[in-house]
Amino acid sequence: MPQQIILVRHAETAWNRSRRYYTGHDDPDLTAAGEREAGLLGPHLEAHQDAHVLCSPALRARRTAALAGLNADISPDLREWSYQLPDGHTVDERCGSGPCHHDIWDTALHTQACTGECLPEVTARADYVLDCARRLLAGGRPVVLISHGNLIRLITARWLALPAAAAAHLALRTASLGRLAHYDERPSLLGWNFSPAFDAAALPRSPASTNSGTAPPTGRIPPTPPPQPRATGAALHRP
């Protein structure tokens, strides 16, 4: 299916483990567990070596792409949503004299002056990413987007023609895969939140299974020929 968008969330960082907020400024590296997660993505992405692969400029996303074996072009539009909470703020923390309002999907959070990227602004950015991805799909090759949890959730909601706040219901693990495509001519979600580290750890190949010409065991990802050189994919830069 060339007409599909593969979504890849970056692997685990220490902030993911402790449920801390990112706002697009600090950029921690992957944990050791995150490095293993990213490596397990590789066999599940082999079929997309000829895709347009676009990646957030964040270190955690770029490292995930490299460890998964993807040669990605950087797109600033795939950066994480920069909402108005301090970097490193935990989900359960209290601030000031009362509890913090952490529901970033609640439109009430954006009724006052926005110090970060307001929900309508990040929604417009997600729509722009999808418009660019559709143009790339028209060339006959799939698109792989390597990005961040909240932005991927928002991109998915918008692909499904849902309001931005619906993204709150799309839970997403680190180092997970999703698949957007058309089913019965409707934009559809054909795969979501599949994490090899949790759901189906990639199995190592043996010389016998890759060279014998027989079908691989159940669950094994069959090898693919080495990718041919490809032109650099178009980044999602605004003019």
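Residues numbered from 1 in each chain as written. Predicted model: local features only at pLDDT ≥ 70, side-chain atom pairs only at ≥ 80, totals over all residues. Heavy atoms only, no water.

Novice: Please explain the confidence of the model for the protein chain as it appears in this structure.
Specialist: Detailed reading of the predicted coordinates is not advisable wherever pLDDT is low. In the predicted model, the protein chain carries a mean pLDDT of 78, and 66% of its residues have values of at least 70. A low-confidence stretch, residues 201–235 stays under pLDDT 50, and its non-local contacts, those more than four residues away or across chains, total 40 contacts. (pLDDT = per-residue confidence, 0-100. Contact = heavy atoms within 4.5 Å.)

Novice: Please explain the packing of helix 2 (residues 32–45) against helix 3 (residues 59–67) as it appears in this structure.
Specialist: When two helices pack together, you describe them by how their axes are tilted relative to each other and by the distance separating the axes. Where helix 2 meets helix 3, the axes come as close as 7 Å, and the angle between the chain directions of the two elements is 45 degrees. Comparing their axes, helix 3 and helix 2 come out oblique. The element helix 2 and its partner helix 3 pack so that their crossing is right-handed. Contacts from Glu35, Ala38, Gly39 and Leu41 of helix 2 reach helix 3 at Arg63, Thr64 and Leu67. Class assignment for the residues of the contact of helix 2 with helix 3 results in three nonpolar, two polar and two charged. (Axes fitted to C-alpha atoms, helices over the stretch in contact; angles between N-to-C directions. Helix = DSSP H or I, 4+ residues; strand = E, 2+ residues; numbered from the N terminus. Parallel < 35°, antiparallel > 145°, perpendicular 65-115°, else oblique. Left-handed = near helix turned anticlockwise from the far one by under 90°. Nonpolar A, V, L, I, M, F, W, Y, C, P; charged D, E, K, R; others polar.)

Novice: Please explain the pairing of strand 6 (residues 143–147) as it appears in this structure.
Specialist: When a strand is regular, its side chains alternate between the sheet's two faces. Most of strand 6 sits out of view: five of its five residues are buried. Every second residue of strand 6 is oriented toward a common face, with Val143, Leu145 and Ser147 on one face and Val144 and Ile146 on the other, all of them buried. The pairing of strand 1 (residues 5–9) with strand 6 spans five bridges and is classified as parallel. Residue Ile5 lies in a different strand from strand 6, and its bridge partner there is Val143. Summarising the sheet, strand 2 (residues 52–55) and strand 6 pair through four bridges and their orientation is parallel. From the neighbouring strand, Leu54 faces strand 6, where its bridge partner is Leu145. (Buried < 20%, exposed > 50% of the residue type's maximum accessible area, 1.4 Å probe, protein only. Pairing = 2+ DSSP bridges.)

Novice: What is the right way to look at helix 5 (residues 149–159) in this model?
Specialist: At 3.6 residues per turn, the α-helix brings residues three or four places apart onto the same side. In terms of burial, helix 5 is largely enclosed, as ten of its eleven residues are buried. Restricting attention to buried positions, one finds in helix 5 the residues Gly149, Asn150, Leu151, Ile152, Arg153, Leu154, Ile155, Thr156, Ala157 and Trp159. For helix 5, the secondary structure elements touched by its buried residues are strand 1, helix 4 (119–137), strand 6, strand 7 (177–183) and strand 8 (186–194). Following helix 5 by one or two positions, Ala161 has its phi on the positive side, about 60 degrees.

Novice: It is not clear to me how the sheet that holds strand 6 should be interpreted in this structure. Could you clarify?
Specialist: The strands making up a sheet are joined through hydrogen bonds of the backbone, oriented either antiparallel or parallel. Within the open sheet, the six strands sit side by side as 3-2-6-1-7-8. Their pairing is mixed. In this open sheet, the two edge strands, each paired with only one partner strand, are strand 3 (73–74) and strand 8. Of the pairings in the sheet, the one linking strand 1 to strand 7 comprises four bridges and is antiparallel in character. Within strand 7, the position partnered with Ile5 by the bridge is Leu180. Along the sheet, helix 3 makes contact with strand 1, strand 2, strand 3 and strand 6, crossing strand 2 at roughly 145 degrees. In this fold helix 4 packs onto strand 1, strand 2 and strand 6, with an angle of close to 150 degrees to the strand it touches most, strand 6.

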